[in-house]
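Breakdown of the fold
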Amino acid sequence: MLRDLNLSVADRLASALVAVGLSTLAARLFFPIPLGIGRAWVVLALALDAPLLAFFARGVSPAYVPVTAVFQLLHRVSGLAWFAIGLALPALPKRRPSP
């Protein structure tokens, strides 16, 4: 496996869990999927981020943990979005320079 940007296997797995969780929550609009399934994927992703959440609970405040969890999930969603953009850009047609 390519180890770019010093991402660990847990980081990649957590991002994949967030992607599956958000996809499940979005699919809920069209299919009768229980809400708990999408939430479970996101909770598993946060469980992989437990060392980070524990660090902020000790270092800053236990009240800061929910804020950290939300921003960590937003960070993962942003990373996934830029990953998708990076995959899509080479497939776009090249623009010819105007004469």
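Quantities reported herein were computed from a predicted structural model and do not represent experimental measurements. (Residues numbered from 1 in each chain as written. Predicted model: local features only at pLDDT ≥ 70, side-chain atom pairs only at ≥ 80, totals over all residues. Heavy atoms only, no water.)

Along the protein, the regular secondary structure elements total four helices and zero strands. Its helices and strands in sequence order give the protein the pattern α-α-α-α, from N to C terminus. In terms of overall dimensions, the protein is more spread out than a globule: its C-alpha atoms have a radius of gyration of 17 Å, far above the 13 Å expected for 99 residues. Considering only C-alpha atoms, the protein reaches an extent of 60 × 40 × 30 Å along its principal axes. (Helix = DSSP H or I, 4+ residues; strand = E, 2+ residues; numbered from the N terminus. Rg over C-alpha atoms; globule rule 2.2 N^0.38 Å.)

Below, the discussion takes up helix α4 (residues 65-88). Between its terminal C-alpha atoms α4 stretches 35 Å, which fits the 34 Å expected from 24 residues at 1.5 Å a residue. Considered for burial, the residues of α4 that qualify are T68, A69, Q72 and R76. Along its buried surface, α4 packs onto α1 (9-27), α2 (35-48) and α3 (50-59). (Expected span 1.5 Å × (residues − 1). Buried < 20%, exposed > 50% of the residue type's maximum accessible area, 1.4 Å probe, protein only. Contact = heavy atoms within 4.5 Å.)

Just distances and angles here, no functional claims.
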